[in-house]
Structures are given as structure tokens and as C-alpha cells.
Amino acid sequence: MTKIILNGREIEADPTKPLIAACEGNGAAVPHYCYHAGLTPVGSCRICQVEVKEGERPGRVVVACRTPVSEGMVVNTESPAAHETRRECLEFLLKDHPLDCPICDKAGECTLQDVTYNEGQSEGLTKEPRDNFEKRKSLGDKIVLDQERCILCSRCVRFFDEITGKSQLAIVGLGSRSRIETFADRPLVGNYQGNITDICPVGALTLKSFRFKARVWNMTKKSSTCGECSRGCSVSVEVLRKGEVKRIRPRFNEDINKWWMCDTGRFALDGANPTNRVPALVRGYSGLEAADSDDAVAMARAAHAAVDKHVLIASPWVTVEEGEGLKALASSLNTEALFLSPAANDLKDDLLHTGDPCPNRRGLEELGFVGKSAEEAMELLAQAESATLFGERIAELIGLDNLKSLPSTVRTFVFDGSSGAGLLEAPALQAVVGIANWVERPGTWVNIDGERGKISAARTAPSGIRQPSSVIADLLHTSEVAR
Amino acid sequence: MVIIKRKQLTWMEKAYLPEVIRGLRITLGKMFQKPSTRQYPEDPLITTEVTRGQPRLVVNEDSTIRCVSCGLCEIACPAYAITIDGQETDRMIEREPEKFEIDFLRCILCGFCEEACPKEAIMMSDELELADTSRQGLIYGLDKLKRPVSALKKRIAYINKINDRWRTSSST
């Protein structure tokens, strides 16, 4: 550790990291666009100017992201000289930057906007017209580039060079005609494209799926964990006006995903916003009918008490807390606790995605659940007298056709977050109970490396949809009473 | 205990009838004066460009809406009356509202939306009348809010005049 004096206070700085990291870590934030803690510093935006004094020499203004920390250096991040230099740099950055903040999706979380306000730079000195570039350049099927808004920080270029290891973007052209382009105008490929929209400090790179859909200040953000694979990346789930999940973004986690996440998890919005949900469906005289979920749970309790051969299969999306309850339910029903473990998909890569679509595989296995494939599960179900299928996406993972083929002697109860109308034709179904999905309930998942990831309720479940924990408590309570 | 002393009436007042005649004389006199009230529905309100009526969205001459759905009026609104959802357009101005709702049950006609708007797209019109038989009918969507720029010309000129007092020079 190296001792430096930062704004009159002696601090210890990591000599392997640039000066800006020491400033950030010690409450003296310096504005920066091109610097990103996960990427090599290049010093192209020049906004992170600080005044540094070493030894007897007079202080000089340097960029903090390209200055190594050295013993005894005296750093002033707020000196008038540093601010004046920053303001001048800002003027160059804004020279061709269009003033379309009201239209730009980044407005509200744009650091260029924030710094411009802070430095009080309301008018430029130049009178020349702004350069015109392509405003809607499509980079593949996920991302749009606005070359006018781009400040050429090259974070996106470095992301592909350094993180994915497959260079796809470059700064082409010279001087004021420089712009970001893909090689030979090819579309971007890969499962990590979305990250460049997160690290873009301005609104130059935007997601096609999110473009102009919502203002960032209207969304409530909640820390959660991604459920698309067993890596369990830390994410922030962003919900527009307490309704629809509009965006899922990575959240920094040193141990798991750093700053990144894959596009499979990022665009898993359909799973987070299920349509066609029902509080409960119950077998009546004319097939499955809408009912109160308490009645449906009561039916399941009655079935648990009436017959002897039970099968309980949990979804891999069940949390550790719910898993404990289901484990107790299984033992009270004298059956083995099982969870559905679908086959690995082909999305596995070296960076984050594990290819295993079970977010809580390890947590459930630690609890003593046994993984079964859909075929094995169907064999067990065909022999049972009552079947309890519990958890988000369980019907989809077993297969709707499989469920429809079950004989009507198997009294089947499905507790699922998303399904509903799709199950109407299954003759074995006694009741379907809608439960809260992963953006509507709190809990814990354990990822493949044993890291515990918290999921949390980013919005409240629709009226009538119950929390899985309360449904389990209800099931458990009477199964014990009945025996 | 408080003892209230009643006013002693004079002989003339006690006689009653002279006082009635005096009152009728005032009534009769008012009949020939100019009335200070207005017959409202037949005789409409006098509005000027200063009138702060219900907010309306300005539609340009080429029938494009000025609003870019930036959401500034939405957060400026103290009554949370405005809800906006944006969508992409093919025009040079890339964004326009897909849904723009003002809940006139909530709107307090304060004019903050007009003040917040960076595009002169929402303007306080001179329309003041507001009645409906249902609550849903008073939540105005885009179809009910759009007004051609010609209808709001006077208000836009007035707002520009006021804003010029604060602007030292134009920055865009």
C-alpha cells in the first residue's frame, strides 16, 4: 500500500490501480467517462483531471485514470485549476454532442449530463454548427448506435477486446470524423452485447428492446439475482410504475459476475412479466374453473389426506426457504423430495453462462432434493395417486404435452407462477394455483459455486396471486393435521 | 352570563310597513341597473392568453405532435395527473408519446407542466369547461388532448414573452 495525501487527508492507495480508483474509494469522486474499473484505462475523455503535487515541484493537472499512485503524492481533486481544466475538456466533449436530452434514454442516469450541470457549463463558446453523423445505426438485432451522441470514450470497443475476447467494434476515421463502427458493418454477435449499453456513459448505445420505452426516473430498482442459469449473477430489476419489468441490468458483484451479465438473462423479460395469470383454477363440473386460491389449496390438502402414493416435484426456481418447507411437506407425505432438473442447454460459455438452467440447483441439492429429468419425473408421476408440482415454470419445464398425457387417476396440483390457460386441457389436473414469480417474492438461491444470491420483490404480485411460502405453510399445516 | 341589549326600535320601525316600502324601493332601483352577474352557459366566460385553462398538446402544421414524451411534465406535476409512455418514430425527432394521459380529476391547473416543457408542446389552453358522467371519461388521452398550433398561438406567444425575461440569450 502506498501512502498519498488526498484532499488534505492521508490515505492508503493500491499502487496497482490508477489514481482515480484511490479517489473513488475514498469519497473524492472524480467524473470519468472512458475509465471503467473493469477495463484498461486509456485516458481518452480527459475529464478526470486532478491537481497532483509531487515533491518540491509545483502542482500540475493530470488525468487521474492514467496516473499511477506514487508515495507521498499530494492530490487535490477539487482545486480551481482542476475544475477549470475539466470545464474546458467538457466543452470539447459537448462540441458535437446533440442537445437532445429530452429524447435521449440516458437522461437521468447520464454522467455527461450530471457533470455539465455541476460544472455550470450552460453555453458553449463555439458558434460552428454541430457535426452530423448517423443517428440510428443498427448494430445487429439488439443494439442501436447514435454516432452523434457518442463521445468516443471507447469503453464498448475495449469491452469486446478485453472481456469477451472477440473484437467487434472499432473507432474508425480521423480527428473530428472519428466514429464507432463494427468491422465491415457486420452486425454484432455474441451473448454479451447488452453490456456495452450499460457501460456507455452517454446515450449512444441503446437497447432496441428498451429504446424510448420508459424514463429512468420512473422506474423503481430492486437488487435481485438472475435466474436464467446456475451462475446467479447479481442484477437490478427495474420496474416501471410498479407494473411491468422494463429492464434487467447487472449489479456489481466482485465474486460472481463483476459488472457484466449475459443477454439471455438481460432479455428474460417475458419470464418476469407473465401474461395470462390466474389466481387459481379448480376442477369443477365443466372442467377447470376460476376459483379462489384458498379453495384450490384446500383441495390439495384433501387429496394429500385421501391417498397414499404421493409425488412432490419442485421447480429449480424454488428458493432455499421454500425448499425447506417443501422438504417438510415431502416427509409428511412419506415421499422423496424431488426437483426437476432439465438438461443443460447450449448457451454455456467461458465468461458467465453455465448452460444449466437451474438457478437454485445447489441450494436444493444441499437440502436433500434429488434432481430428475422431465422423462424420469413423468415415469414417477404415472405411478402416483397424487402429484404436487410446485414452483415457477414447473409446468413448462415438465412439458405441457407431458402433463396433458397424464391419466386422470393422478390427482395433479400445479403451483406455478405463469401458467394458466395452457393447462386447461390436462385431464389429470385437479387445481392450478398461481404463485408469485421471482420478481415478486423474496428468497435465496445458491449458485453453482455456493454463493448465496438474494432475490427480492421488485413489485407486488397481482391481486389474488399468493406468495409460495404462504401456500406451502397452508399445505404443510393440514398434511400434518390429517395424518 | 352575558346580557345582550337589544336595539331599541324607533316608532317608524315599529310601524313595519314604511320599512317594507324602503326595501322594495332598493329592489326596484336595482332592476334598472346593469347586472353584475353573467348568464353563464349562454354567455361564455371571457378568456385571454393569460387564462390558465386545461393543458393541451400542441400539434404542428404538418400534423406531427410536438411532444417527445421526455416525461418532464410528468415529474413536474404536483398532483401526479400525467402519465406518459413513449415510442419510436421514423421522423428526425426520434420519439413521440404512445400514451399521454392527463387525469383531470387530479389536475389542479397549476401550469407547472407548461413551464417544465422544453419543447413548447404542452400549453395551458383557454378551455375551462369540464364535465362528464364517469370518472374514466375525465382521464383524457392523446385523442382528446391534441390541439392544432393555431388554436394555442396566443398562449405560446405570451409564454415566450414571459420566458424572454429570464433568458439572457438563446443557447440552442
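Position labels on residues start from 1 in each chain and follow its written sequence. As they are written, the chains are lettered A onward and the ligands numbered 1 onward, keeping that order. Given that the model is predicted, a residue must reach a pLDDT of at least 70 before its local features are reported, and side-chain atom pairs must reach 80 or more before they are shown or counted; all residues, however, enter totals for whole chains, interfaces and linings.

**Q** Before we move on, can you summarise the overall build of chain A with the specific residues and values?
**A** Helical segments are the DSSP runs of H or I of at least four residues, strand segments are the runs of E of at least two, and each set is numbered from the N terminus. Each helix and strand counted, chain A has 14 helices and 23 strands in total. Dimensions of chain A, computed from the C-alpha atoms along their principal axes, are close to 90 × 45 × 35 Å. Three classes are used. A residue is buried when 20 or more other C-beta atoms lie within 10 Å of its own, exposed when 12 or fewer do, and partly exposed in between, with C-beta atoms placed from the backbone. Each of the 483 residues in chain A was classed as buried or not, and the buried ones make up 44%. It is the C-beta atoms, placed from the backbone, that decide contacts: two residues are in contact if theirs lie within 7 Å. Across chain A, contacts joining residues at least 24 apart in sequence account for 65% of those joining residues at least 6 apart.

**Q** Residue-level account of the overall build of chain B, with values.
**A** Along its length, chain B carries 6 helices and 6 strands. Mapped from its N terminus to its C terminus, chain B presents α and β elements in the order α-α-β-α-β-β-α-β-β-α-β-α. Its C-alpha atoms give chain B principal-axis dimensions of roughly 90 × 40 × 40 Å.

**Q** For the interface of chain A and chain B, give the residues involved together with the corresponding values.
**A** In this assembly, 11 residues from chain A lie in contact with 15 residues from chain B. The residue inventory of the side of chain A that touches chain B, partitioned by class, reads 5 nonpolar, 2 polar and 4 charged. Each residue is assigned to one class: nonpolar for Ala, Val, Leu, Ile, Met, Phe, Trp, Tyr, Cys and Pro, charged for Asp, Glu, Lys and Arg, and polar for all the others, Gly among them.

**Q** Give a detailed account of the sheet that holds strand S12 (residues 234-240) of chain A, specifying residues and quantitative values.
**A** Two modes of strand pairing occur in sheets, parallel and antiparallel, and in both the strands are linked by backbone hydrogen bonds. All names here are of chain A. By the convention used here, strands pair only if DSSP detects at least 2 bridges between them. Taken in spatial order, the 3 strands make up an open sheet running S11-S12-S13, and their pairing is antiparallel. In this open sheet, the two strands that pair with only one neighbour each are strand S11 (219-225) and strand S13 (244-250). Strand-to-strand twist across the sheet, computed as the mean angle between neighbouring axes with direction ignored, equals 25°. As paired elements, S11 and S12 share 7 bridges and run antiparallel to each other. Residue pairing across strands places Ser 224 opposite Val 235, the latter belonging to S12. Axis definition: a line fitted to C-alpha atoms, limited for helices to the stretch in contact. Angles are taken between N-to-C directions and run from 0 to 180 degrees.

**Q** Break down the pairing of strand S21 (residues 429-434) of chain A for me, with residues and values.
**A** All names here are of chain A. Burial analysis of S21 places 6 of its 6 residues in the buried class, the great majority of the element. Across 3 bridges, strand S14 (residues 280-284) lies against S21 in antiparallel orientation. Residue pairing for S21: Val 282 is matched across the bridge by Ala 431. Examined bridge by bridge, strand S20 (residues 411-416) and S21 share 5 bridges and lie parallel to one another. Bridge pairing links Asp 416 to Gly 434 in S21.

**Q** Tell me what's going on with the domain arrangement of chain A, and back it up with residues and numbers.
**A** The extent of an interface is frequently quoted as the accessible surface area lost upon association of the parts. Annotation of chain A at the domain level lists domain 1 (2-94) and domain 2 (280-482). Boundaries between domains were set according to an automatic or database domain assignment. Computed over C-alpha atoms only, the centres of domain 1 of chain A and domain 2 of chain A are separated by 54 Å.

**Q** Please give an account of the nonpolar core that cites residues and values.
**A** All names here are of chain A. In terms of nonpolar packing, the biggest core is built from 73 residues, with Leu 312, Ile 313 and Leu 389 touching the most fellow members. Apart from residues no more than four positions distant in its own chain, Leu 312 is found in contact with Leu 326, Leu 329, Ala 330, Leu 333, Thr 335, Ala 337, Leu 338, Thr 388 and Phe 390. As used here, a nonpolar core is made of buried Ala, Val, Leu, Ile, Met, Phe, Trp, Tyr and Cys residues. They are joined through C-beta atoms within 7 Å. Counting 46 residues, the second largest nonpolar core, distinct from the first, contains Val 30, Tyr 33, Cys 89 and Cys 150.

**Q** Which residues make up the sheet that holds strand S6 (residues 137-139) of chain A, and what values go with them?
**A** Residues and elements named next belong to chain A. Taken in spatial order, the 3 strands make up an open sheet running S6-S7-S10, and their pairing is antiparallel. In the strand order of this sheet, the two ends are held by S6 and strand S10 (205-207), each with one partner. On average, each strand axis in the sheet is tilted by 35° relative to the strand beside it, whichever way the strands run. One ladder, built from 3 bridges, connects strand S7 (residues 143-145) with S10; its direction is antiparallel. Of the residues in S10, the one forming a bridge with Leu 145 is Leu 205.

**Q** Quick one: what's the story with helix H9 (residues 320-332) of chain A, residue by residue and with numbers?
**A** Residues and elements named next belong to chain A. One less than the residue count of a helix, multiplied by 1.5 Å, gives the span that helix is expected to have. Over its 13 residues, H9 runs 18 Å from end to end, which matches the ideal 18 Å to within 8%, given 1.5 Å per residue. By the burial criterion, the buried members of H9 are Glu 322, Gly 323, Gly 325, Leu 326, Leu 329 and Ala 330. Angularly, the buried residues of H9 cover 160° about the axis, an arc narrow enough to put them on a single face. Looking one or two residues past H9, Asn 334 carries a phi angle of roughly 60°, positive in sign. This arc is built from the directions going out from the helix axis to the C-beta atoms.

**Q** Residue-level account of the environment of A:Asp141, with values.
**A** In this structure, A:Asp141 sits in the loop between S6 and S7. Each C-alpha atom of the pair A:Asp141 and A:Gly450 lies 35 Å from the other, and the pair is 309 residues apart in sequence.

**Q** Quick one: what's the story with the packing of helix H2 (residues 80-94) of chain A against helix H3 (residues 111-119) of chain A, residue by residue and with numbers?
**A** All names here are of chain A. It is at 11 Å that the axes of H2 and H3 come closest, and there the two elements cross at 130°. Between H2 and H3, the angle is such that the two are oblique. The chirality of how H2 crosses H3 is left-handed. Counting all contacts with H2, which are made through His 83, Arg 86, Arg 87, Leu 90, Leu 93 and Leu 94, the residues of H3 involved are Leu 112, Val 115, Thr 116 and Glu 119. Partitioning the contact of H2 with H3 into residue classes produces 5 nonpolar, 2 polar and 3 charged. Here is the rule for angles: anything less than 35 degrees is roughly parallel, anything more than 145 is roughly antiparallel, 65 through 115 is roughly perpendicular, and the remaining ranges are oblique. Here is the rule for handedness: rotate from the far helix to the near one, and if that takes an anticlockwise turn smaller than a right angle the crossing is left-handed, while a clockwise turn gives right-handed.

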